[in-house]
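One letter stands for each residue in the lines below.
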Amino acid sequence: MTQGNQELFRIGLIGCGGISYRHGRAGTASDKARIVACCDIREAVAKEWSAEYGCEAFYTDFEEMIRVHDLDGVALVTWPSQHREQIERCLNAGARNILCEKALTVTGQDAVEIAELVESAGAVLMEGFMYRHHPLMAKLERLVGAGKIGRVDSVNATFSNFDPEEDDPTDPDRNWSRDTARAGGTPWNTLCYAVNAANHFASVAAGGRWTGLGVNGSSEEIPADAGLMAARPVRVFCSGRLSEKYGTIFRQFGLIEYDSGCIGIVESSSQAYTSEALSITGSEGRLYVKRAWRPYDDTVIEHQYGSRLYDRYEVPSADIFRLQMENFVDVARGVSQPVVPLTQSVVNMYTLEALTTSVLEHRPVDVELPATLVASA
């Protein structure tokens, strides 16, 4: 039994690759959930993962795992190129609660179709942007939403890591981020974080909902009708390059125009030194986080305002994968709202697709959101 004598939420994990170990440790640390089964097409890998995290069973067919094992939900930890098909197969096999690693899909159309299937099935689908579950983000939401930096002018988000490109491009076992067939490259690996943050904080700045309330804070200051996309992306322009070795997009420097007047500045390069910065600039100040996407140690918000005045907001460290898993559990049980709502994930995919098209076609691109999506946001 768990806290309050509530049964542990039983999760089956699909895909036992590198990031799955973060999910495994989260399940071990949580008093709400446990990963009780795992699946990978590589039987030896699944067996080893199962033994390490004390699973009841391991599988090589995730549909079989869903059908025969006693599960409350699944965690889909696979490549972005697989998500569209795998989510549908999970639903068809009977899964009704799905936590899916980023990026949700590869195109906006795939994302909206998946959202429609999820709604029709009465299911829950949440995209795994673990950084959004850190109290750091909830604190940023409250500062921006309360007008601490005045009217927000821009959101600048960067996620870059240098890649020496050492893998053989013909090696089928090379890292997925170096393979176009698996949706490798900056768009679905790293730029998606920057787009997620830019869209979200542009919306918060325009009076949108503070979704971090699932972890921290109070909803008293938020209007009941606050939307999830109070600022909608309408147009983008992105400059970038393709890797000569892998054919993936490996540099992107983009602008996002919002109907609120805010500008998103997003950057991701695998040819640049590591940067995980998030900066939100308004008419009366600036908020800056040095390590936004993986805030394991440095959890400080710098606030610059007035005439060279500074405040520092120190936020306690947190296990963001555990918080993400527990928010997923609470949403599945109907006792909380998702920190990363599916509507936002769909809008993000349309934005990301437009930025990618802009790189490939060397032109500005309108973000054409479906009318039904705009109405629901």
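Since the model is a prediction, treat every value here as computed from it, not as a measurement.

Considerations on the sheet that holds strand E1 (residues 9–14)
Spatially, E3-E2-E1-E4-E5-E6 is the arrangement adopted by the 6 strands of the open sheet, whose pairing is parallel. Both edges of this open sheet fall to strand E3 (57–59) and strand E6 (124–128), since each of them pairs with a single strand only. Sheet twist, expressed as the average angle between the axes of neighbouring strands with direction ignored, equals 25 degrees. Where strand E4 (residues 73–76) lies against strand E5 (residues 97–101), 3 bridges are found, and the strand directions are parallel. In the sheet register, leucine 76 faces E5, and the bridge partner there is cysteine 100. Seen against the sheet, helix H2 (residues 43–52) touches E1, strand E2 (33–39) and E3 and runs at an angle of roughly 160 degrees to E3.

Brief notes about the state of the cysteines
Structurally, a disulfide amounts to a covalent bond that connects the sulfur atoms of two cysteines. Per the counting criterion, the structure on display carries 0 disulfides. Unpaired in terms of disulfides, cysteine 55 finds its nearest cysteine sulfur in cysteine 38, a separation of 4.3 Å. For cysteine 55, a relative accessible area of 13% puts it in the buried group. In this model cysteine 100 remains outside any disulfide bridge; the closest cysteine sulfur is found in cysteine 90, 8.7 Å from its own. Among the residues examined, cysteine 100 registers a relative accessible area of 0% and is labelled buried.

Some details on the confidence of the model for the chain
Taken over all residues, the pLDDT of the chain has a mean of 93, while the share at 70 or more is 94%. Long-range and interchain partners of residues 214–219, a stretch whose pLDDT sits below 50, account for 13 contacts in this model, where long-range means more than four residues apart.

A word on empty space enclosed by the protein
Under the definition given, this model contains 1 cavity of 30 Å³ or more. Lining the largest cavity we find Ala103, Glu127, Phe129, Cys192, Val195, Asn348, Met349 and Leu352. Counting only elements with at least two residues in the lining of the largest cavity, the list comes to helix H7 (186–205) and helix H9 (342–361). Residue contributions to the lining of the largest cavity peak at 3 residues, all from H9. Residue composition of the lining of the largest cavity, grouped by class: 6 nonpolar, 1 polar and 1 charged.

Conventions used here
- Residues numbered from 1 in each chain as written.
- Predicted model: local features only at pLDDT ≥ 70, side-chain atom pairs only at ≥ 80, totals over all residues.
- Heavy atoms only, no water.
- Pairing = 2+ DSSP bridges.
- Helix = DSSP H or I, 4+ residues; strand = E, 2+ residues; numbered from the N terminus.
- Axes fitted to C-alpha atoms, helices over the stretch in contact; angles between N-to-C directions.
- Contact = heavy atoms within 4.5 Å.
- Disulfide = S-S within 2.5 Å.
- Buried < 20%, exposed > 50% of the residue type's maximum accessible area, 1.4 Å probe, protein only.
- pLDDT = per-residue confidence, 0-100.
- 1 Å grid on protein atoms, 1.4 Å probe; cavity = no way out; pocket = protein on both sides within 12 Å on 5 of 7 lines; lining within 4 Å.
- Points joined across faces, edges and corners; volume = space filled by probe spheres on them.
- Nonpolar A, V, L, I, M, F, W, Y, C, P; charged D, E, K, R; others polar.

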